[in-house]
Structures are given as C-alpha cells and as structure tokens.
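Chain and residue survey
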Amino acid sequence: EDQVVNGHDEKENNPFAEYMWRENEEDFNRQVEEELQEQEFLDRCFQEMLEEEDQEWFIPSRDLPQGMGQLQQQLNGLSVAEGHSSEDILSKSNLNPDAKEFVPGVKY
C-alpha cells in the first residue's frame, strides 16, 4: 500500500501543485480584467451599431407623422367589397382593355 505522509501520497511530486496558480495571481487577475474590459468594449460597440442601424431603417410607427399612422391603418383595412363581381367592375370601367401595359422607363 502507498504510504501517506501529512495527508499526501509519497508519489505526489508537489503537494501544493493545485495552489501554484496563485503564484501568478496578479497576472491572472490582470488578464481576466483585460478580458472583461474587452468584452464590455465589444458589447458597447455592438450596441452602438444596432442603434445606428435602427436610425437608418424606416419604421412607419416612428418615422411617419401621427396622422399618417392612422391613415396607414385605414388603408390596411380597405378591401374590395364582396357584393360586386369582377364583371360588374369591368362593365362600369372606363379604362381601355386593349391599352399596352405601362412599364416605367419604356417609351412607346
């Protein structure tokens, strides 16, 4: 059987090996602090980037005047009345069914 001296095996080289990291505790603390500062810096940069992106995007609820938001809701609620067939609409139309299709930028 292995002989135990002072709570450690005879074969164990350094009974304080698990505590040796404390020898460089200041370096370790500095490294961890630098990593935390770097992570905090990256988080701030990422947040600023998101805020800039939000400012560049068009958000109707934020960027349109108050009345425009209501108008947009009314437009979204519009639909073609169900009581009319497409034939009724076409018979009352004064558009030319033989007209060429409009294509922006093309001259006829």
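Residues numbered from 1 in each chain as written. Predicted model: local features only at pLDDT ≥ 70, side-chain atom pairs only at ≥ 80, totals over all residues. Heavy atoms only, no water.

If you look the chain up in an unreviewed UniProt entry, it shows as Polyadenylate-binding protein-interacting protein 2B from Eurypyga helias. As its UniProt record puts it under Sequence similarities (unreviewed entry), the chain is described as follows: "Belongs to the PAIP2 family." (UniProt positions renumbered as here; feature names shortened; annotations may be inferred.)

1. Here we look at the pattern of salt bridges
Within this structure, the stated rule accounts for 2 salt bridges. A salt bridge links Asp 27 to Arg 30; its shortest N-O distance comes to 3.2 Å. With a gap of 3 residues between them, Asp 27 and Arg 30 both fall in helix H1 (residues 25-56), about one helical turn apart. Look at Asp 27 and you get partly exposed, because its relative accessible area is 42%. Among the ionic pairs, Glu 40 bridges to Arg 44, the shortest N-O distance being 3.2 Å. Of the two residues, Glu 40 and Arg 44 are both situated in helix H1; the distance of 4 residues between them amounts to about one turn of the helix. Taking relative accessible area as the criterion, Arg 44 reaches 44% and is therefore assigned partly exposed. (Salt bridge = Lys/Arg side-chain N within 4 Å of Asp/Glu carboxyl O. Helix = DSSP H or I, 4+ residues; strand = E, 2+ residues; numbered from the N terminus. Buried < 20%, exposed > 50% of the residue type's maximum accessible area, 1.4 Å probe, protein only.)

2. Considering the confidence of the model for the chain
Here the chain shows a mean pLDDT of 77. Residues at 70 or above account for 75%. The least confident element of the chain, judged by mean pLDDT, is strand S1 (residues 4-5) at 52; the most confident is H1 at 91. (pLDDT = per-residue confidence, 0-100.)

3. Some details on a negative patch on the surface
Together, Glu 48, Glu 51, Glu 52, Glu 53, Asp 54 and Glu 56 give the surface a local cluster of negative charge. Locating Asp 54 in the fold gives a position in helix H1. (Patch = residues over 30% accessible without salt bridge, like charges linked within 9 Å, V, L, I, M, F, W, Y side chains within 5 Å. Areas by Shrake-Rupley, 256 points an atom, 1.4 Å probe, with all protein chains shown as cover. Lys, Arg positive; Asp, Glu negative; His and termini not counted. Charge placed at Lys NZ, Arg CZ, Asp CG, Glu CD.)

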